[in-house]
Protein chains: 2
Amino acid sequence: MKRRLLLFWALLLASSPARAEVRDWVEANRAAILSEYVRLLSIPNVASDTPNIRRNADRLVQMLRARGLNPRLLEGDGPTVPPAVYGEWLVPGAGRTLVLYAHYDGQPVAPEEWRASKPFEPTLRSARFDRGGEVLPLPRPGEPIDPEWRLYGRAAADDKAGVMAILSAVDGLRAEGRSPSFNVKIFFEGEEEAGSPHLAGILSRNKALLASDGWVIFDSPAHPSGAKQVVLGVRGITGADITVYGPKRPLHSGHYGNWAPNPAMSLSRLLASMKDAAGRVAIAGFYDDVTPLSAAERQAVQAVPAADAQLKAELGLAGGEGGGKRLVELIQEPSLNIDGLRSADVGERARNVIPTTATATVDMRLVMGNDHQRQYEKLIAHIRSQGFHVTEAEPSEEERRRHPLLARVVKRGGYNAERTPMDLPISRAVLRAVQSTTANPVYAVPTLGGSLPLSLISEALPGTRTITLPIVNHDNNQHAEDENLRLGNLWEAIAVVGSIMTMPQPPPATPRQAAPARSIGRGSVQRSAQEVTPGSAR
Amino acid sequence: MKRRLLLFWALLLASSPARAEVRDWVEANRAAILSEYVRLLSIPNVASDTPNIRRNADRLVQMLRARGLNPRLLEGDGPTVPPAVYGEWLVPGAGRTLVLYAHYDGQPVAPEEWRASKPFEPTLRSARFDRGGEVLPLPRPGEPIDPEWRLYGRAAADDKAGVMAILSAVDGLRAEGRSPSFNVKIFFEGEEEAGSPHLAGILSRNKALLASDGWVIFDSPAHPSGAKQVVLGVRGITGADITVYGPKRPLHSGHYGNWAPNPAMSLSRLLASMKDAAGRVAIAGFYDDVTPLSAAERQAVQAVPAADAQLKAELGLAGGEGGGKRLVELIQEPSLNIDGLRSADVGERARNVIPTTATATVDMRLVMGNDHQRQYEKLIAHIRSQGFHVTEAEPSEEERRRHPLLARVVKRGGYNAERTPMDLPISRAVLRAVQSTTANPVYAVPTLGGSLPLSLISEALPGTRTITLPIVNHDNNQHAEDENLRLGNLWEAIAVVGSIMTMPQPPPATPRQAAPARSIGRGSVQRSAQEVTPGSAR
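Residues numbered from 1 in each chain as written. Chains lettered and ligands numbered in written order. Predicted model: local features only at pLDDT ≥ 70, side-chain atom pairs only at ≥ 80, totals over all residues.

1. Points about the overall build of chain A
No. 1: Counting secondary structure elements, chain A contains 16 helices and 21 strands.
No. 2: Split into buried and exposed, the 538 residues of chain A put 57% on the buried side.
No. 3: For chain A, the proportion of contacts with a sequence separation of at least 24, taken over those separated by at least 6, is 79%. (Helix = DSSP H or I, 4+ residues; strand = E, 2+ residues; numbered from the N terminus. Buried ≥ 20, exposed ≤ 12 C-beta atoms within 10 Å, placed from the backbone. Contact = placed C-beta atoms within 7 Å.)

In structure tokens, the structure reads:
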């Protein structure tokens, strides 16, 4: 099976690059696409919001059924688990199968912080809101649509854009009377932003249904220059909610200040101890375990044009972390980031108190070689090294009596990094398909800075390779307020999905030579089958 | 005038300690007092909430009018300034005048954090909520009322309790057909918790109306043992909102983490730099300027029984700041406290982002010798010393381009500490009046840990002495959620107000000897007039 797979992709790579494009169809149907997309974005989609997540899943089933894609829900192990939504376009005679992935859930929202739209009332604007974009009515069929317009709303970019691109590409092919070159299976996840805690279970229970020759993931932003990228890997992720304890009841800061310990101060000290002045993580062993990049991967990193100066100007940043390394280099390393702080209140709502608790949420990004549990334990060891007694639950009376410094730490899920070698035939085939949609260079990147649960896919469905195609504008505010999609990116994304679905179908594969399942190649398929670089092993 | 005043208090001190008590009246009218109090607490009273502050002021005018106290509003210099509410009980032939002060505004509320009641839906409970106190109906006249019951609601303790104690003591005296020994003027402030920004103006515009021989302030908690205290001074206060800046838009922490600077980390570092491990403030010069206590004051501090062990047990604290000094000693020093932290969000609402800003609110308590502007400037100098460019407004594009570390710092008002010498006749007379209400020792304390705008009173009405009588339970959660009043403290507070209003009226004062206005005495009035201890000067 593995041998055949390798050969299949090698042959595909050698075949004609003739591309079917769905651009004409997109051009003629943009108003309709937008209208359907706005309806989808109007359904709140935070993974913990069970009734609305169900409404999303039901809508997706309708949308798949309308396209004849034989939909079904793949349920988790309880009614509050967001189901995955499955669909398929099986092609008679096709020996190969590709799974197209996107996720329909979005990050939590703080509605009071949204200015360009309400999170679930999608709003079209003539440009970026912070650059004066005005509200526009939804265009009617035939009206001109500027690719620079922005659609605001939670998940407009991350990642209902992936969902909509896949479904629209299906429409485009159907309208032209064409079929994919392979069996296409569609998998829409419903809890990616919650850390995919039930994905492995859903995959394991549906191994036969999801059998494939590879997954293509439609998610994440393009290069800041707008250039298209093919991303071979993703960082893993874990994180923690760290709560530091002060007095059991909030105290008047005058009557007790500088006598009672202040948890906001203890937390500040703890967080400050986690990084040095240059922004390097100071947790013992944090950078151990990292699997170095291969020579080809290092070369690829070097080839990606630096966008650092452009980004710093855009973001109003004079400084940065990482000691002068470029962004594309820094995302090859594990990281630690403070997502937020909360203790009592500030500004107009501040009261003169010693707060009872102070909480920070941190996330840690992992690269190949890291294990999320091991990395989390390094964090715990660090907190202990700063004098804290660490608990998982609310500290007891006894713990309060015994320990001057108390921290409750709760792990925020976790999964490992994943990376598909750059020189595998599937990697080169996908790169070629994406390249066929543009005259500009397409960059191959060993890893995305962000995280997707791709290691869960390769663990639950052993041997499955994943490749990620970033499709949305880089300045989309994903994970934050005022998330938005540049319309031109949606039109291009549909074209990219079309190019992937119609990669030419090669002749049936002939077994030739045994090859290890997860090897890395350099230069040719044969060599890749033989030279197993330790650096690329999981 | 000053000479006469001194003599007046000296004579008062020498007169009979026979006390009029309003306890019997309180005993018979507790249900009615409680009912009127609940109505008052039901009106939201955050100083910035202009319509409701006006409703409070109007209600107080009604309550004063019902008692024949000739009320009027003393307006600030604009319609959004909370007015002070004035009343008076002038006694024919009384040569002396005392002003009784309380404030009717309360600290801001975070309603979602209240559990024992809603902030402005006062709720009676059979004990402390966190010790299982159950909700009780308001008692009807004649029903038994346990002094341990708690009334929950914003300002139940701080400081509508002072307002209610003054008004109820008036009722008690009236019911017994008695009058105060002096002219009594009543001054209810409406923006104490907002830092009294307009108090000086209101006082200055009403100098004649407010002419008096001294102010007695009803506010603040009793000693943790329940012992009554006479407090000669208060700490001053200032503070700041400190906002540290990161990227102009929130960034995905995977795509940009450990490249873009994280403002929550920069803020944590800055805050951690402000105190050493023992909790001493590390800001240069922070403890300079402090006027040492006089020998008598040091002695008084030593005489206050230590409640530290009791408090630590109650509050679940194993450690503390201040290097082992007792609470009563530590409040004689200036302090710095973090009131709250905010950056993006944590826990369930956390998103994996690099936040755009991180904000801390800090308050600084001041003692005699400190100037609030000078102390604030030490804070600013410290922030600069940590590498920050400090602005007062949102940083401009140009400032963002030039400075890797940016902090916007906004001062939160400020006024200085105030202290009345312990051995002045007024000090001793008040101590004696309070002592008359209890067989237990009453402690004289040089300063309260908390702040009251008493320096503004002595500046606007030169030479005015102020003495503070703490009345509420120490575990009242003032300034925080679940603020509450122990009912027994209200009944005692009414008795204390009664004892102050009926301190015996001395014969008219005869001028004898010149004395400096703000001297301190040791042992006798004569000596106090001559020995000016530098330690007591402002």
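From this point, the narrative continues.
2. Observations concerning the relation of the copies chain A and chain B
No. 1: The transform that puts chain A on chain B rotates by 180 degrees and translates by 0.0 Å along the axis, for an RMSD of 0.0 Å. Given the turn and translation reported, the copies of this chain are related as if by a two-fold rotation axis. For chain A, the minimum C-alpha distance to the rotation axis belongs to Ser-268 of chain A and amounts to 2.1 Å.
No. 2: Of the interface residues in chain A, 100% have counterparts in chain B that sit at the interface too, so the contact is made through matching surfaces. (Least-squares fit on C-alpha atoms with pLDDT ≥ 70 in both.)

3. Details of the environment of Thr-123 of chain A
Residues and elements named next belong to chain A.
No. 1: Within the fold, Thr-123 resides in strand β4 (residues 123-125).
No. 2: Exposure remark for Thr-123: the 22 C-beta atoms within 10 Å place this residue in the buried category.
No. 3: Each C-alpha atom of the pair Thr-123 and Arg-150 lies 8.2 Å from the other, and the pair is 27 residues apart in sequence.
No. 4: The contacts of Thr-123, once residues within four sequence positions are left out, are Ala-116, Ser-117, Val-135, Tyr-152 and Gly-153.

4. A few points about the interface of chain A and chain B
No. 1: With 80 residues of chain A at the contact, the number on the chain B side is 81 residues.
No. 2: Residue classes in the side of chain A that touches chain B are distributed as 31 nonpolar, 30 polar and 19 charged.
No. 3: As paired elements, strand β12 (residues 335-344) of chain A and strand β12 (residues 335-344) of chain B share five bridges and run antiparallel to each other. Bridged to Gly-340 of chain A within β12 of chain B is Ala-344 of chain B. (Nonpolar A, V, L, I, M, F, W, Y, C, P; charged D, E, K, R; others polar. Pairing = 2+ DSSP bridges.)

5. So, helix α9 (residues 308-315) of chain A
For the α-helix, the turn length of 3.6 residues means that residues three or four positions removed from each other point alike.
All names here are of chain A.
No. 1: Within the span of α9, buried status applies to Asp-308, Leu-311 and Leu-315. Viewed end-on, α9 has its buried residues packed into an arc of 65 degrees, placing them on one side of the element. Opposite the packed face of α9, turned more than 90 degrees from it, sit the exposed residues Ala-309 and Ala-313.
No. 2: Of the surrounding elements, those touching the buried residues of α9 are α10 (327-330).
No. 3: Looking one or two residues beyond α9, the residue adopting positive phi is Gly-316, at roughly 70 degrees. (Arc of directions from axis to C-beta.)

6. Focus: the nonpolar core
No. 1: Counting residues in each nonpolar core, the largest one holds 295 residues, and the members touching the most others are Phe-218 of chain A together with Phe-218 of chain B.
No. 2: Once residues within four sequence positions are removed from consideration, Phe-218 of chain B is found in contact with Leu-100, Tyr-101, Ala-102, Gly-162, Ala-165, Ile-166, Leu-469, Ile-471, Ala-493 and Val-497 of chain B. (Core = buried A, V, L, I, M, F, W, Y, C linked by C-beta atoms within 7 Å.)

7. Some details on the domain arrangement of chain A
Residues and elements named next belong to chain A.
No. 1: For chain A, the assigned domains are domain 1 (16-232 + 420-501) and domain 2 (235-300 + 324-415).
No. 2: Here domain 1 and domain 2 have C-alpha centroids that lie 33 Å from each other.
No. 3: Counting residues at the interface gives 16 residues for domain 1 and 14 residues for domain 2.
No. 4: Its residues placed into classes, the side of domain 1 that touches domain 2 shows eight nonpolar, seven polar and one charged. (Domains from an automatic or database assignment.)

8. Observations regarding the sheet that holds strand β21 (residues 484-486) of chain B
Residues and elements named next belong to chain B.
No. 1: Pairing in this open sheet of four strands is antiparallel, and the strands run β5-β4-β6-β21 from one edge to the other. In this open sheet, the two strands that pair with only one neighbour each are β5 (135-136) and β21.
No. 2: The pairing of strand β4 (residues 123-125) with strand β6 (residues 150-152) spans three bridges and is classified as antiparallel. In the strand pairing of β6, Leu-124 is matched with Leu-151.
No. 3: Across the sheet, helix α15 (residues 487-501) is in contact with β6 and β21; its angle to β21 comes to roughly 65 degrees. (Axes fitted to C-alpha atoms, helices over the stretch in contact; angles between N-to-C directions.)

9. What about helix α7 (residues 263-272) of chain A?
No. 1: The buried fraction of α7 of chain A amounts to ten of the ten residues, a majority that puts the element mostly inside the structure.
No. 2: Along α7 of chain A, the positions that sit buried rather than exposed are Pro-263, Ala-264, Met-265, Ser-266, Leu-267, Ser-268, Arg-269, Leu-270, Leu-271 and Ala-272 of chain A.

10. What about the pairing of strand β7 (residues 183-189) of chain B?
All names here are of chain B.
No. 1: Among the seven residues of β7, seven are classified as buried, and the element is accordingly described as predominantly covered.
No. 2: Inspection of the sheet shows strand β2 (residues 84-89) paired to β7 by five bridges, in the antiparallel sense. From the neighbouring strand, Trp-89 faces β7, where its bridge partner is Val-184.
No. 3: In this structure, strand β3 (residues 97-103) lies alongside β7, joined through seven bridges in parallel fashion. Within β7, the position partnered with Ala-102 by the bridge is Phe-188.

11. Points about the packing of α7 of chain A against helix α7 (residues 263-272) of chain B
No. 1: With their axes 8 Å apart at the nearest point, α7 of chain A and α7 of chain B run at an angle of 115 degrees to one another. The interaxial crossing formed by α7 of chain A with α7 of chain B has left-handed handedness. On the side of α7 of chain A, the interface is formed by Met-265, Ser-268, Arg-269, Leu-271 and Ala-272 of chain A, while α7 of chain B contributes Met-265, Ser-268, Arg-269, Leu-271 and Ala-272 of chain B.
No. 2: Residues of the contact of α7 of chain A with α7 of chain B, tallied by class, amount to six nonpolar, two polar and two charged. (Left-handed = near helix turned anticlockwise from the far one by under 90°.)

12. Let's talk about the sheet that holds β4 of chain A
Residues and elements named next belong to chain A.
No. 1: The four strands lie next to each other as β5-β4-β6-β21, forming an open sheet whose pairing is antiparallel. The open sheet has two edge strands with one neighbour each: β5 (135-136) and β21 (484-486).
No. 2: Along the sheet, helix α15 (residues 487-501) contacts β6 (150-152) and β21; its crossing angle with β21, the most-contacted strand, is approximately 65 degrees.

13. What to know about the confidence of the model for chain A
No. 1: Predicted confidence across chain A gives a mean pLDDT of 89, with 90% of residues reaching 70 or more.
No. 2: Under a pLDDT of 50 for its full length, residues 14-20 of chain A has, in the predicted model, ten contacts with residues more than four places off or in other chains. (pLDDT = per-residue confidence, 0-100.)

14. Notes on unusual backbone geometry
No. 1: For the peptide bond that leads from Asp-158 of chain A to Asp-159 of chain A, omega is 10 degrees, which places it in the cis range.
No. 2: Secondary-structure assignment places Asp-159 of chain A in the loop between β6 and α4 (160-175).
No. 3: Phi is positive for Asp-289 of chain A, which is not a glycine, with a value near 75 degrees.
No. 4: In this structure, Asp-289 of chain A sits in the loop between α7 and α8 (295-303).
No. 5: Within the chain, Ala-344 of chain B stands out as a residue other than glycine whose phi angle is a positive 45 degrees.

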